[in-house]
Amino acid sequence: MLAVGTTAQASSAAMVVAPSFLIPELHRPMAEGGHGMSLAEAGLVASAAMAGMMATLVLWGLVVDRRGERFALLTGLVIAALGGGIATTTGDPWPMAAALCVAGVGAAATNSASGRVVVGWFPPERRGLAMGIRQTGQPLGVGLAAATVAVIAHHHGIGPALWVPTAATAVSAVLVALVVLDPPRPPRAEAGTVANPYRRDGFLARVHGASVLLVVPQFLVWTFGLTWLVEDLDWSPGVAGLVVAGTQVAGAAARIGAGWASDRVGSRMRPMRAVAVVAAATMALLGLAAAAADGSGAVTAVAVVLLVVASAVTVADNGLAFTAVAERAGPFWSGRALGLQNTAQHVAAVAVPPLAGLAITAWSYGATFALAAAFPLLAVAVVPVRGERGVS
């Protein structure tokens, strides 16, 4: 269950992010074999799958609550594969964007459904580690797309490049059909007697809020880490790319480690609060080091190490929050709660790049990194102290 859930999450992540690696080919002049789109137009095409996903996360959560995890996973992955397949057959970027939007709609199903499979089948004392492993699906999917899509698109065209995430989602659908079963839950007749957990107290709302605050430094270093290495430190794009790829590995390890720690201490929120403290300190130090770095010397080395650490620490909370939301919401509400969790994080993630770009232009990379430390520091106060359930 865990392996297939992680695979499904990875293939869906690859489907959603793959279009962003098509931007160079979409922007390349038509005389050179590209599509001659402006960067704004290419960006719009690249965001189509993300838009489809963001619009339907809560709806898929409702499907999970009403019809079960297996149904949602199978249906979503089939829709994603069909949308991706249609996108591979059209040479016009705009019909392709529409098909990618459909693929994103299907990919959204795995966010709630695969998480619920893990929460439902693993006992509380092993659930944090299991969810941490499942959360590695995102960097694995991003890595798959990054390693294949741009290269294939450049040499063979956009259609063949999109077969990579399309094939991945199709294979995941087959694996789900062969392996995944709905985890046990109370009789569905009891669903109508379960109160809305959002009306019970503010626990879920505070977890959502803390997660949104922690997304800000996460997407800041993800979006601008490579650009900072190239522009400010004068590194080659190849070397900078290897460092950024390494941060994905570090981030995956941090998610697993945080989940393991939450099982050991019997709490998701205490490790989440610790992650927020470390993230605030790391971002502040990164800001100071980046401001003093000149491309060589010990200060630059320290700044690069801090970038890797920040990239790992700022994603370590994702599995903790996801697990806590599912445990607190219960089997008949967690689908929608997880949908809201993901939607809030994605809305914040979309806002970070343009706002951070303005801040970097007005001040500097160092000042913007340091300013971002305020968000996890605020998250320390927002993370709920009481209200956890389901952790033994």
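One can find the structure itself at the top, above this paragraph.
Just so we're clear, the structure is a prediction, and the values are computed from it rather than from any experiment.

Rules used in this analysis
Residues numbered from 1 in each chain as written. Predicted model: local features only at pLDDT ≥ 70, side-chain atom pairs only at ≥ 80, totals over all residues. Heavy atoms only, no water. Helix = DSSP H or I, 4+ residues; strand = E, 2+ residues; numbered from the N terminus. Rg over C-alpha atoms; globule rule 2.2 N^0.38 Å. Contact = heavy atoms within 4.5 Å. Areas by Shrake-Rupley, 256 points an atom, 1.4 Å probe, with all protein chains shown as cover. Lys, Arg positive; Asp, Glu negative; His and termini not counted. Charge placed at Lys NZ, Arg CZ, Asp CG, Glu CD. Expected span 1.5 Å × (residues − 1). Polar contact = N/O pair within 3.5 Å; in protein donor to acceptor, adjacent residues only side chain to side chain. Buried < 20%, exposed > 50% of the residue type's maximum accessible area, 1.4 Å probe, protein only. Phe/Tyr/Trp six-rings, centres within 6.5 Å; stacked < 30°, edge-to-face > 60°. Lys NZ or Arg CZ within 6 Å of the ring centre and 35° of its normal. Core = buried A, V, L, I, M, F, W, Y, C linked by side-chain atoms within 4.5 Å. Salt bridge = Lys/Arg side-chain N within 4 Å of Asp/Glu carboxyl O.

> What am I meant to see in the overall build of the protein chain here?
Helix and strand counts for the protein chain come out as 19 helices and 0 strands. Against the compact-globule benchmark of 21 Å for 392 residues, the protein chain has a radius of gyration of 21 Å, which places it among compact chains. The principal-axis extents of the C-alpha atoms in the protein chain amount to approximately 60 × 50 × 30 Å. For the protein chain, contacts bridging at least 24 residues in sequence account for 82% of all contacts bridging at least 6. Just so you have it, the protein chain exposes about 15500 Å², and 71% of that area is on carbon and sulfur atoms. A distance of 16 Å separates the average location of the 22 positive side-chain charges in the protein chain from that of its 18 negative side-chain charges.

> For this particular structure, what's the right way to read helix α6 (residues 93-107)?
Since one α-helical turn is 3.6 residues long, residues separated by three or four positions face the same way. Between its first and last C-alpha atoms α6 spans 20 Å; for 15 residues at 1.5 Å apiece the expected length is 21 Å, and the two agree. Where α6 begins, the capping side chain belongs to Asp-92, and its oxygen is found 3.1 Å from the backbone nitrogen of Trp-94.

> In this structure, what is going on with the environment of Val-102? I would like to understand it.
Along the chain, Val-102 turns up in helix α6. Residue class for Val-102 comes out partly exposed when judged on its relative accessible area of 42%. As for Val-102 and Ala-289, which are separated by 187 residues in sequence, their C-alpha atoms are 43 Å apart. If near-sequence neighbours (up to four positions away) are discounted, Val-102 is found in contact with Ile-79 and Gly-83.

> So what exactly am I meant to see when it comes to the packing of aromatic side chains here?
To describe a pair of aromatic rings, you give the distance between the ring centres and the angle between the ring planes. Tallied over the full model, the rule gives 2 aromatic pairs. Taking the centre distance of 5.8 Å and the plane angle of 90 degrees together, the rings of Trp-228 and Phe-369 count as edge-to-face. Residue Trp-228 is found in helix α12 (residues 203-231), and its partner Phe-369 is found in helix α18 (residues 365-372); the two are separated by 141 residues along the sequence. Grouping residues by exposure puts Trp-228 and Phe-369 together as buried. With relative accessibility at 0%, the residue Phe-369 sits in the buried group. Connected via pairs of aromatic rings, a cluster forms that spans Trp-228, Tyr-365 and Phe-369. Its end group placed over the ring of Phe-71, Arg-67 keeps NZ or CZ at 4.0 Å from the ring centre.

> Before we go on, may I ask you to explain the environment of Leu-306 in this structure?
Within the secondary structure layout, Leu-306 lies in helix α15 (residues 297-313). Accessibility expressed as a relative area gives 15% for Leu-306, which makes it buried. Leu-306 sits 22 residues away from Ala-284 along the chain, and the two C-alpha atoms are 9.8 Å apart. In this structure Leu-306 touches Thr-282, Leu-285, Leu-286 and Ala-289, once residues within four positions along its chain are discounted.

> For this particular structure, what's the right way to read the nonpolar core?
Most often, soluble globular proteins have nonpolar side chains that are buried together. Of all hydrophobic cores here, the largest spans 34 residues; its most connected members are Val-118, Phe-203, Val-207, Met-269, Met-272, Val-325 and Ala-379. Elements supplying a minimum of two residues to this core: α7 (109-121), α8 (124-134), α12, α13 (237-265), α14 (269-292), α15, α16 (317-329) and α17 (334-362). Counting residues per element, this core draws most heavily on α16, which supplies 7 residues. Ranked by size, the runner-up nonpolar core spans 30 residues in total, among them Leu-220, Trp-228, Leu-229 and Ala-303.

> Is there a simple way to think about unusual backbone geometry in this case?
Among all residues except glycine, the phi angle is most often negative; among peptide bonds, the trans geometry is most common. In this model, Asp-234 sits at a positive phi of 60 degrees, which is unusual for a non-glycine residue. Inspection of the secondary structure assignment puts Asp-234 in the loop between α12 and α13. Given a relative accessible area of 68%, Asp-234 falls into the exposed group.

> I tried to follow α16 on my own but got confused; where do I start?
Look at α16: 18 Å from first C-alpha to last across 13 residues, which is about the 18 Å you get at 1.5 Å a residue. In terms of residue burial, α16 counts as a mostly covered element, since 13 of its 13 residues are buried. Immediately downstream of α16, the backbone of Gly-330 shows phi near 85 degrees, a positive value.

> What exactly am I supposed to notice about the side chain of Ser-112 here?
Secondary-structure assignment places Ser-112 in helix α7. Classification of Ser-112 by relative accessible area gives buried; the value is 0%. A polar atom in the side chain of Ser-112 sits 3.3 Å from the backbone oxygen of Gly-335. If sequence neighbours within four positions are ignored, Ser-112 has contacts with Leu-57, Gly-61, Val-64, Gly-335, Leu-338 and Gly-339.

> I tried to follow the pattern of salt bridges on my own but got confused; where do I start?
A side chain with one charge can pair with a side chain of the opposite charge if their charged atoms come near. Tallied over the entire structure, the rule returns 9 salt bridges. With a shortest N-O distance of 2.9 Å, Glu-69 and Arg-116 are connected by a salt bridge. Of this pair, Glu-69 sits in helix α5 (residues 69-89) while Arg-116 sits in helix α7; the two residues are 47 residues apart in sequence, bridging distant segments of the chain. Among the residues examined, Glu-69 registers a relative accessible area of 1% and is labelled buried. The exposure class of Arg-116 is buried, given its relative accessible area of 5%. Here Arg-268 ties to Asp-263 by a salt bridge, and the two come within 2.9 Å at their closest N and O atoms. Arg-268 sits in the buried class, given a relative accessible area of 0%.

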